[in-house]
Amino acid sequence: MAKDWNRRVFLHGSAVGAGATVALGSGGTRTASATPGASAGAPREGGLRIDRTTVEYAGTLLGTEVEHPRLTWELTAAGRNARQSAYRVRVALTEKDLREGRHLVWDSGRFRYVQVSGLPAKPGPEQVLGRVVHTRVASTSTFACSEPFYERLDRAMRRTVLNNHHGIPTDTPVYEKNGWTGDAQLGAPVMAYAFGVHRFLTKWLGDLRDSQNPEGQLPVIVPSGGWGYHDLAPAPEWTTVYPFLLREMYRVYGDERLARDHWAPLTRYLDWEIGRLQDGLAVTALGDWLPPGYGGNPPEDTRLTATAYLHRALTGTAELADLLHDTEAADRYREAAAALKEAFNAAFLGPEGHYRTAKDPDYRQTSNCLPLAFGLVPPGARASVVDSLLADISRRGNHLDTGALGTSVLLRELSAQGHPEVAHALATQRTYPGWRYWFDNGADTMWEMWPLDSRSRDHYFLGTVVQWLYENVAGLRPGDAGYRTFTVRPDGRTGVNWARTSVHTVRGRAAAAWSVADGTTRLSVGVPVGATAEVHVPAAGRSAVAPPDGAKWVRSEPGFVVYAVPQGSWEFVARA
């Protein structure tokens, strides 16, 4: 999010060289300060002075189209041996707020690197101890498989998530450090599987509630000092994190108290979203953020993603209403969701059998994988939508073309539609854009953007590929009510000979492990007390499966035979 936010802050601004102040913005004045740090031995407070402040090397920036604006300044000092060792950029709405450090719109943080001074000699690496600092959350799951790169992705995502846990789920620990709601919406399933985040997210849900304005709107960053209600807003793909998280907290932790405690502000928010629909569709200031080739918003009509996310929020909230016995709200939100779905398909499902908008420069993968994932595609169009998606991926040489929103569902949906080989090809693609492209070029965390010059290299919202590793490669998916039900379905097995995962749930340890050798598949499942698992055994038919005693056959599907099992350890064997 950092890139376009800065562009919008500076876009209509002007720079003035008054000491350490850069005035930015139009209408209400935005003010930014650049504060230098002095090295050891240099003059202290007042010893370094900032002169000739500019934005993009200019004193006036009216009408600029520069996407990555640069702040510059000159430093003067009264003595010798002074040099800048760090800097800090702060943005405020008024000079008074800037001087007092209050109501800051943005704060870059104080340092870019650590300087050690006063030692008699240069220290060796063994003499310097660095500590990773983050909110304390326990590791609750494991993942391993026969593909080393997949394990590397898992480790990188876990590092990236922890690096962004600092009281709130930040977007990056390097630049904005803001609680971008869209980032958290995309990353929450991975957070809740990898770590124990019940207390962490409960606290942040309180921040969401406290950020709601009287009309019911939520800002796109939470907590907010006043920014995010109009700048890059409204944006349902971001702020529907509120209903999504409340639904996920019940799904993962079985905590219906949160839904009850947040019910009034939650329904006020959704009613506000419904009240501002235009032609039956949701409107957004954002969209499928940062697709390849674009520095922020995607080229397509962003009402498509906005409407899809609002539809998911309404259906999830209707399920919470059922849980809370609020029949009126459940009926009302299901009716609103049905109307959204009808308007969505009327506006975007084309006669050629896939989704498109009038603004598309070419086929858009997100516009088609999101409707599949969110249950918006009419049954008669499902095959043509899938075929169009496969054709575009093939045309691009097995490359994705998705931003943060589409990336979060693309591989899972390809596997769900019976095309794990395509998902595997995307996951292991070594050329731009792709995760392996990053890692072949030195990445060890997830990045904000697909190009190698990505500004933030500690950004989890494109790292949601690991949700596919847990749910499709290893095959364990949360069901509902704190894992009272869950599913084991390893439908992403291409390129992998074995995989295993486990997660410590509120009911105990749930686990899934599978391997293939000599044409025989072995699938082991662990079910905690009080839970039931639906197990999808990879097999051509029921006669090919040797189920354990006590497993109940449910149905057969193409490529899978489905059983239900209660608490215990279970092992299924299937012949090719």
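Computed from a predicted model, the values in this text were never measured in an experiment.

Q: Which parts of the structure should I look at to understand a nonpolar patch on the surface?
A: Among the surface-exposed residues, V114, V116 and L119 lie close enough to one another that they form a single nonpolar patch of about 310 Å² accessible area. Judged by its relative accessible area of 49%, L119 falls in the partly exposed class.

Q: I would appreciate a short explanation of the sheet that holds strand β13 (residues 532-538) in the present structure.
A: Strand pairing in a sheet relies on backbone hydrogen bonds, with the paired strands running either antiparallel or parallel. In spatial order, the strands read β8-β9-β13-β16-β15; together these five strands make up an open sheet with mixed pairing. The open sheet has two edge strands with one neighbour each: β8 (476-480) and β15 (552-557). Averaged over all pairs of adjacent strands, the angle between their axes in this sheet comes to 20 degrees, without regard to strand direction. Where β8 meets strand β9 (residues 485-488), four bridges bridge the pair, whose relative direction is antiparallel. Paired with D480 across the strands is T485, a residue of β9.

Q: Please explain the nonpolar core as it appears in this structure.
A: Soluble globular proteins tend to bury their nonpolar side chains together. Among the nonpolar cores identified, the biggest contains 151 residues, and Y150, L153, W435, W438 and M446 are the most heavily contacted of them. Excluding its chain neighbours within four sequence positions, the residues that come into contact with Y150 are F143, C145, H424, A427, T428, W468, L469, V473, T494 and V496.

Q: Any chance you could explain the environment of G550 here in plain terms?
A: Locating G550 in the fold gives a position in the loop between β14 (545-546) and β15. Linking G550 and W570, residues 20 residues apart in sequence, is a C-alpha distance of 9.1 Å. Residue contacts for G550: discarding those within four places in its chain leaves A564, P566 and W570.

Q: Hey, could you run me through the sheet that holds strand β10 (residues 498-505) in this one?
A: Strand order in the open sheet made by the six strands is β7-β10-β11-β12-β17-β14, with antiparallel pairing throughout. Across the chains shown, the open sheet's two edge strands, defined by having one partner strand only, are β7 (141-145) and β14. As paired strands, β7 and β10 are joined by five bridges and run antiparallel to one another. If you follow T142 over to β10, its bridge partner there is S502.

Reading guide: rules and limits
Residues numbered from 1 in each chain as written. Predicted model: local features only at pLDDT ≥ 70, side-chain atom pairs only at ≥ 80, totals over all residues. Heavy atoms only, no water. Patch = residues over 30% accessible without salt bridge, like charges linked within 9 Å, V, L, I, M, F, W, Y side chains within 5 Å. Areas by Shrake-Rupley, 256 points an atom, 1.4 Å probe, with all protein chains shown as cover. Salt bridge = Lys/Arg side-chain N within 4 Å of Asp/Glu carboxyl O. Buried < 20%, exposed > 50% of the residue type's maximum accessible area, 1.4 Å probe, protein only. Pairing = 2+ DSSP bridges. Helix = DSSP H or I, 4+ residues; strand = E, 2+ residues; numbered from the N terminus. Axes fitted to C-alpha atoms, helices over the stretch in contact; angles between N-to-C directions. Core = buried A, V, L, I, M, F, W, Y, C linked by side-chain atoms within 4.5 Å. Contact = heavy atoms within 4.5 Å.

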